[in-house]
Amino acid sequence: MAEENFHGYFSGELPAGHKEAANYERYGVPEGGYEWANFHDRYDLSKEPNEPNRFGWIVEVDVMDPNSVPKKRTALGRFKHEGAESIVARDGRVVFYLGDDERFDYVYKFVTAGTFSPTDRAANMDLLDEGTLYAAKFSEDGTLQWLPLIHGQGPLTAENGFAGQADVLIETRRAADLLGATKMDRPEDIQPNGVNGKVYLMLTNNTRRKADQVDAANPRAENAFGHVIEMIEDGGDFAATAGKWEVLLKCGDPSVAEVGATFSTETTRNGWFGMPDNCAVDSAGRLWVATDGQGPKATGRTDGLWAVDTEGDARATSKLFFRVPVGAEMCGPLFTPDDQTAFVAVQHPGDGGDDWEPFGRPSYYEDLSTRWPDFKDDMPVRPSVVVITKQGGGKIAV
């Protein structure tokens, strides 16, 4: 589980001169949008000044054991996590790819110290306690470096305010700042592809990037539609500390020249998308991209799920597979190993009614732009997990 926008739950002010002031400023704490501090002291910085440091982690839950206790896996760093996608490297270590969903923030990966045992579940339970966290540097020449966030190495020293590895992990963003990691356009989901040995990075957008801030890995100023980067680790080893990268897709409407989208010419009018967010890879190695934030005004369409070819003549060809209701965000695509069932999560359908011309006004409980999925006057709109299968059975989208 990813603890993402934790900054919005805190209000109040730190005591004057408090040591966490710079740390919290780097994470946007407090934002105070939810007003939880009015009811719980733990969210009031003036009363519990260290509480934000308890949030922003990856949490592991053993779903096979109802008596288990969730564990915050602090070795994976503290930031606004979008997720943690894993794959077993050739030497048995487990590699996790992690995005920090913020404009001008970083891409990370974590490599366990221990190795995965496919026959001894108990031996794997504490793999995430020890390992190395890295931040990515995307160079102009298409090379990739993974910079280790290890206390005592380079600038991560007591002189720069890091008393130990715990400080490096609590202030992961500041540590990556000092190492010179590449500031990205909202890194969200990052999916390793076990079929072709590559890694796919979703960058949702960044309309705050100015022309003098453009770089090779973030090639558009005022990037409204986002892009997808393909990474190739050295030797095809997911645990490698270097590699190469290239932009697979610049998203947006290819028919609008100034957008600069780069879908293949075989991509149809319904095939292009913007704002890539979550993603998945099926057993054939095809990339599936879910979007967040398109909206009728931004792109003329709702969010959804698109299949993207990454190899051969069809590379960079995208096809629409599933579209969500107005106001909803698509997330969490996942396929069963036989590719005969897909799961998708439809978040907050019915939001933003004023953004949809046929409705044209804010959407409230009493006056909803949609009552998906029940479509009954006495039922509210409901976020849902949808199960998709092929009529008559068989693999999806072959």
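We now turn to the structure provided with this report. (Residues numbered from 1 in each chain as written. Predicted model: local features only at pLDDT ≥ 70, side-chain atom pairs only at ≥ 80, totals over all residues. Heavy atoms only, no water.)

### Things to note about the overall build of the protein
Formally: The way it works is that DSSP assigns letters per residue, a run of H or I at least four long becomes a helix, a run of E at least two long becomes a strand, and they are numbered from the N terminus. A radius of gyration in this sense is built from C-alpha atoms; the matching globule rule multiplies 2.2 Å by the number of residues raised to 0.38. By definition in these notes, contact holds between two residues if any of their heavy atoms fall within 4.5 Å. All accessibility values rest on the Shrake-Rupley procedure with a 1.4 Å probe; residue burial counts only the protein chains present in the view. Only four residue types enter the tally: Lys and Arg on the positive side, Asp and Glu on the negative side; His and the chain ends are excluded. Where a charge lies is defined by one atom per residue type: Lys uses NZ, Arg uses CZ, Asp uses CG and Glu uses CD.
In terms of helices and strands, the protein carries four helices and 20 strands. Taken over the C-alpha trace, the protein has a radius of gyration of 22 Å; the compact-globule value for 398 residues is 21 Å, and the two agree within 12%. Counting only C-alpha atoms, the protein reaches 60 × 55 × 55 Å along its principal axes. Contacts spanning at least 24 positions in sequence make up 52% of the contacts within the protein whose residues lie at least 6 apart. When the accessible surface of the protein is summed, it comes to about 18,700 Å², and 50% of that surface belongs to carbon and sulfur atoms. For the protein, the centre of its 40 positive side-chain charges and the centre of its 64 negative side-chain charges are spaced 2 Å apart.

### Quick word on the sheet that holds strand β18 (residues 329–335)
Heads up, the rule is: Should DSSP find at least two bridges between two strands, the strands are taken to pair. To get an axis, a line is fitted to the C-alpha atoms, and for a helix only the part in contact is used. The angle between two axes follows their N-to-C directions and goes from 0 to 180 degrees.
The sheet built from three strands is open, its strands ordered β18-β19-β20 with antiparallel pairing. Here the strands that pair on one side only, and so sit at the sheet edges, are β18 and β20 (384–389). Direction aside, neighbouring strands of the sheet carry axes that sit 25 degrees apart on average. Bridge count for β18 against strand β19 (residues 341–347) is five bridges, and the pairing is antiparallel.

### Details of the nonpolar core
Selection criterion: Note on terminology: a nonpolar core comprises buried Ala, Val, Leu, Ile, Met, Phe, Trp, Tyr and Cys residues joined through side-chain atoms within 4.5 Å. Exposure categories follow from relative accessible area, calculated using a 1.4 Å probe and restricted to protein chains: below 20% of the type maximum is buried, above 50% is exposed, and the middle band is partly exposed.
In this structure, V29, L76, L98, Y108, F110, L133 and L149 are the most contacted members of the largest nonpolar core, which totals 33 residues. In terms of residue count, the dominant contributor to this core is strand β4 (residues 93–99) (three residues). Excluding anything up to four places from it in sequence, L76 contacts I58, H81, F96, L98, F110, L128 and L133. The next biggest cluster of nonpolar side chains, apart from the first, holds 22 residues, and it includes A136, W146, A239 and W245.

### Examining the packing of aromatic side chains
So the rule is basically this: Ring pairs shown here join Phe, Tyr and Trp side chains whose ring centres sit within 6.5 Å, with only the six-membered ring taken for Trp; geometry is labelled stacked below 30 degrees between planes, edge-to-face above 60, and tilted in between. In this scheme, the term charge over a ring applies when either NZ of a lysine or CZ of an arginine sits within 6 Å of the ring centre and within 35 degrees of the ring normal.
Taken as a whole and judged by the stated rule, the model has 15 aromatic pairs. For the ring pair F138 and W245, a centre distance of 5.9 Å and an interplane angle of 85 degrees mean the geometry is edge-to-face. Residue F138 is found in strand β7 (residues 131–138), and its partner W245 is found in strand β13 (residues 242–250); the two are separated by 107 residues along the sequence. Following the ring pairs from residue to residue traces out a cluster consisting of Y9, F10, Y34, W36, Y43 and F55. Above the ring of F55, the side-chain terminus of K72 is found at 4.4 Å from the ring centroid. Here R174 stacks its cationic end above the ring of F162, 4.2 Å away from the centre of that ring.

### Some points on a nonpolar patch on the surface
The condition is simple: Residues with no salt bridge and a relative accessible area higher than 30% make up the patches, which join like charges within 9 Å and nonpolar side chains (Val, Leu, Ile, Met, Phe, Trp, Tyr) within 5 Å. Salt bridges are defined by distance alone: a side-chain nitrogen of Lys or Arg within 4 Å of a carboxyl oxygen of Asp or Glu.
Taken together, the side chains of M1, V61, V63 and M64 make up a nonpolar region of the molecular surface, amounting to roughly 470 Å² of accessible area. By secondary structure assignment, the location of V63 is in the loop between β1 (59–60) and β2 (71–72). Look at V63 and you get exposed, because its relative accessible area is 72%.

### Let's talk about the environment of G332
Tracing the chain through its elements places G332 in strand β18. With relative accessibility at 37%, the residue G332 sits in the partly exposed group. Considering only alpha carbons, one finds G332 and V346, 14 residues apart in sequence, at a separation of 8.6 Å. Among residues more than four places away in sequence, those in contact with G332 are N278, F343, V344 and A345.

### Remarks on the pattern of salt bridges
Taken as a whole, this structure holds 30 salt bridges when the rule is applied. Where K80 meets E102, a salt bridge forms, and the shortest distance between an N and an O atom there is 2.6 Å. Of this pair, K80 sits in the loop between β2 and β3 (85–88) while E102 is found in the loop between β4 and β5 (103–105), placing the two residues 22 residues apart along the sequence. On the basis of relative accessibility, which here comes to 22%, the residue E102 falls in the partly exposed class. Of the charged contacts in the structure, one is a salt bridge between D101 and R186, with a shortest N-O distance of 2.8 Å. Taken together, the residues span a long stretch of sequence, with D101 in the loop between β4 and β5 and R186 in the loop between β9 (184–185) and β10 (187–192) at a distance of 85 residues.

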